[in-house]
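Notes for the structure review
So the chains spell out like this:
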Amino acid sequence: MNSNKNIEIVVVKDAKEGGKKAFELVKQSLEDGMKVIGLPTGSTPETMYAELRNSDLDFSNVTAINLDEYIGLPADHEQSYAHFMKEELYDTKPFKETHIPDGLASEEEETARYNKVIEDNPIDLQILGIGTNAHLGFNEPGSSFDSLTEKVELTEDTIEANKRFFESADEVPRYAYSMGLASIMSADKILLLAYGENKAEAIANAVNGPVTEEVPASILQKHKDVVFIIDEDAASKL
Ligand code: GLP
């Protein structure tokens, strides 16, 4: 099924089982001395966050670095990723430090600041979701594989996919700050989660397609230690 030898694929029944498997991997990383974890937002990691919240895992010596944030939303906005992370994890589990881009800060200052955060805290385990167009974080198709934290413009596909959280597509911010693909690739280990038929094509392209900037997740074929935890629907085109 998987012709790419670098990417280990774990197929699970559904998002619930995926959350449990992801939890086990995070637990193992903690036992192995993980100091920095990179975290995603979106619906996909919610089952993993539920497992983490309900566990006795201790993150008080771990620094968390989030992938991205919408530009223009204050941290207390209901749809900001800062708000999402508080609800999903940070209000329940104390971390040593948590970092997320500031959606109200100026581009020059915020990209420099966030790159310094990543440089000062090398990521042991980076957890990712994937967009239906194979974006990682908010690195949309066409993003440079060399990118660091940048201001990015959301594609129509992404606005369409994310409008379910807003009153209408018009409310979805058009820009975001996103950790770059080079920063993601600098992590020691990468775990990507994907569930549902609408992710099947992105997964197939990422795993078996050519490595091209048109498919941001295809860069993962070049990483030394990547695991995909995906459900049967997301695996259906492999
Ligand atoms: C969002 C986020 C990504 C996320 C992806 C999938 O736009 N920026 O980090 O992985 O889209 O989201 P979901 O898990 O809700 O399908």
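Summarised in this report is the structure supplied together with it. (Residues numbered from 1 in each chain as written. Predicted model: local features only at pLDDT ≥ 70, side-chain atom pairs only at ≥ 80, totals over all residues. Heavy atoms only, no water.)

What to know about the nonpolar core
The condition that has to hold: By nonpolar core we mean a set of buried residues, namely Ala, Val, Leu, Ile, Met, Phe, Trp, Tyr and Cys, connected to one another through side-chain atoms within 4.5 Å. Any residue under 20% of the maximum accessible area for its type is buried, any over 50% is exposed, and the rest in between are partly exposed; the area is computed with a 1.4 Å probe on protein chains only. Only DSSP runs of H or I covering at least 4 residues are called helices, and only runs of E covering at least 2 are called strands; the numbering of each starts at the N terminus. It only takes one pair of heavy atoms within 4.5 Å for two residues to be counted as in contact.
Formed by 41 residues in total, the largest nonpolar core has its most connected members in Val26, Ile37, Leu39, Leu52, Ile127 and Leu191. Secondary-structure elements contributing two or more residues to this core are β1 (7-12), α1 (15-31), β2 (36-39), α2 (46-53), α3 (81-90), β6 (125-128), β9 (189-194) and β10 (226-231). For this core, the leading source of residues is α3, giving six residues. The residues contacting valine 26, other than those within four sequence positions of it, are Met34, Ile37, Met48, Leu52, Phe59, Leu125 and Ile127. Listed in part, the 35 residues of the second largest apolar core include Ile9, Leu67, Tyr114 and Ala194.

As for the sheet that holds β6
Strand pairing in a sheet relies on backbone hydrogen bonds. The paired strands run either parallel or antiparallel. The criterion, for reference: Here, any two strands with at least 2 DSSP bridges between them count as paired. Helix axes are fitted to C-alpha atoms over the stretch in contact, other axes to C-alpha atoms as well, and angles between N-to-C directions run from 0 to 180 degrees.
The seven strands lie next to each other as β1-β10-β9-β6-β2-β3-β5, forming an open sheet whose pairing is parallel. Either end of the sheet is taken by a strand with one partner, and the two such strands are β1 and β5 (97-99). Along the sheet, successive strands turn relative to each other by an average axial angle of 15 degrees, direction set aside. Strands β3 (63-66) and β5 of the sheet are contacted by helix α4 (residues 107-120), whose axis makes an angle of about 140 degrees with β3.

A short note on the packing of α1 against α2
Worth spelling out the cut-off: The scheme is simple: roughly parallel for angles under 35 degrees, roughly antiparallel for over 145, roughly perpendicular for 65 to 115, oblique for anything else. Should the near helix be turned anticlockwise from the far one by less than a right angle, the crossing is left-handed, and should it be turned clockwise, the crossing is right-handed. Residues are grouped as follows: Ala, Val, Leu, Ile, Met, Phe, Trp, Tyr, Cys and Pro are nonpolar; Asp, Glu, Lys and Arg are charged; all remaining types, including Gly, are polar.
Packing of α1 against α2 leaves a shortest axis separation of 7 Å and a crossing angle of 55 degrees. As judged from the angle between their axes, α1 and α2 are oblique. At the point where α1 passes α2, the crossing takes the right-handed sense. Here Ala15, Lys16, Gly19, Lys20, Ala22, Phe23 and Val26 of α1 come into contact with α2, specifically with Thr47, Met48, Glu51 and Leu52. Class assignment of the residues belonging to the contact of α1 with α2 gives a composition of six nonpolar, two polar and three charged.

Considerations on the pairing of strand β8 (residues 175-178)
Across three bridges, strand β4 (residues 68-70) lies against β8 in antiparallel orientation. Note on β8: the bridge partner recorded for tyrosine 70 is alanine 176.

Comments concerning the packing of α2 against α3
What describes two packed helices is the angle between their axes and the distance between those same axes. Between α2 and α3, the least distance of the axes is 9 Å, while the angle of their chain directions is 45 degrees. By the angle between their axes, α2 is oblique relative to α3. Seen from α2, the contacting residues are Glu46, Tyr49, Leu52 and Arg53; seen from α3, they are Phe84, Met85, Glu87, Glu88 and Leu89. Residues belonging to the contact of α2 with α3 are distributed by class as follows: five nonpolar, no polar and four charged.

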